[in-house]
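Chain by chain, the residues:
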Amino acid sequence: MIIERRFHGPEGSGNGGYVAGRLAGRVPIDTVTVTLRRPPPLETELAVTVEDERGHSARLWDGERLVAEALAGAIVVPPIAAVPFEEALKAAEKYRSAENHPFPGCFVCGPEREPGDGLRLEPGPVAEGTVAAPWVPERVPERELVWAALDCPGGWSFDVAGRPAVLGTMTAQVMEVPEAGERCVVMGLARSREGRKMHAATALYGADGRLLGRAEQIWIEVDPQTFGR
């Protein structure tokens, strides 16, 4: 497996949700938990190993260094309720990244990405601890792109501009991918904080209100100047 440079989150590191989705694709079950053990390297040949005879566990390696591991997971909280697409559009106008994004080139939420290059999600507040972002995919996305879309809104449900964080663990279930041009809404909810750990949940809804995917996450606060060194 090679993570192309285009799909970076922090500079020099693969976007957590995208990498998690790529690895989850090697585990043939409905709901998968992926734990990121170190920043996923870019443009590097990474090995995937299957850890049990049923294929329900897989690991991603950079040589002898464990990058991530995936195994059967479970989601225990109900999905976040959606807001209308128009409300998500208004929330995007309040996206807090323009002046102070810790990783402005992020494939999912980076404001420096060109249209059609990154997803350019703009999760803005709709309630206390809750954000929403509109997403209209230009083409039918691969499942790992749905994992990516479910990633960053969880972090932005906390003040990651003021206290930068990266994805540590993500449990996701993708029921369906959106259609090309479909007006989708991604929700993010701040659930709890324990020191440097932040627990979040996300959900993706289609134009007709159907639940396309959902996730639970653990985010870890980092120093963006030293992350990945």
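Everything below is about the structure shown above.
Read on for an overview of the structure. (Residues numbered from 1 in each chain as written. Predicted model: local features only at pLDDT ≥ 70, side-chain atom pairs only at ≥ 80, totals over all residues. Heavy atoms only, no water.)

Here's the deal with the environment of Leu71
Structurally, the position occupied by Leu71 is in strand β4 (residues 65-72). Between the C-alpha atom of Leu71 and that of Asp52, which follows or precedes it by 19 residues, the distance is 10.0 Å. Residue contacts for Leu71: discarding those within four places in its chain leaves Ile29, Thr31, Val32, Thr33, His56 and Ser57. (Helix = DSSP H or I, 4+ residues; strand = E, 2+ residues; numbered from the N terminus. Contact = heavy atoms within 4.5 Å.)

Brief notes about the sheet that holds strand β3 (residues 57-62)
Taken in spatial order, the 10 strands make up an open sheet running β2-β3-β4-β1-β7-β10-β9-β8-β6-β5, and their pairing is antiparallel. Bordering the open sheet on either side are β2 (47-50) and β5 (124-127), each of which pairs with just one other strand. Ignoring strand direction, the axes of neighbouring strands in this sheet form an average angle of 25°. Contacts between helix α2 (residues 85-92) and the sheet are confined to β5, β6 (130-135) and β8 (184-194), with β6 contributing the most and set at about 105° to the helix. (Pairing = 2+ DSSP bridges. Axes fitted to C-alpha atoms, helices over the stretch in contact; angles between N-to-C directions.)

Side note on unusual backbone geometry
Notably, Glu43 is not glycine yet its phi reads approximately 50°, a positive angle. Looking at the element boundaries, Glu43 is found in the loop between β1 (31-36) and β2. Overall, Glu43 belongs to the partly exposed group, its relative accessible area being 45%. Notably, Arg120 is not glycine yet its phi reads approximately 55°, a positive angle. (Buried < 20%, exposed > 50% of the residue type's maximum accessible area, 1.4 Å probe, protein only.)

Notes on the state of the cysteines
One pass over the structure, following the stated rule, counts 0 disulfides. Here Cys106 stays free of any disulfide, with the sulfur of Cys152 as its closest cysteine sulfur at 3.8 Å. Left unpaired, Cys152 is separated from the closest cysteine sulfur, that of Cys109, by 3.7 Å. Residue class for Cys152 comes out buried when judged on its relative accessible area of 6%. (Disulfide = S-S within 2.5 Å.)

Brief notes about the nonpolar core
Grouped together as the largest cluster of nonpolar side chains are 52 residues, with contacts concentrated most on Val34 and Trp147. In contact with Val34, not counting residues within four places along its chain, are Ala20, Leu23, Ala24, Ala68, Glu69, Ala70, Trp147, Gly168, Thr169 and Met170. By size, the runner-up hydrophobic cluster in this structure holds 10 residues, among which are Val83, Met187, Ala201 and Ala203. (Core = buried A, V, L, I, M, F, W, Y, C linked by side-chain atoms within 4.5 Å.)

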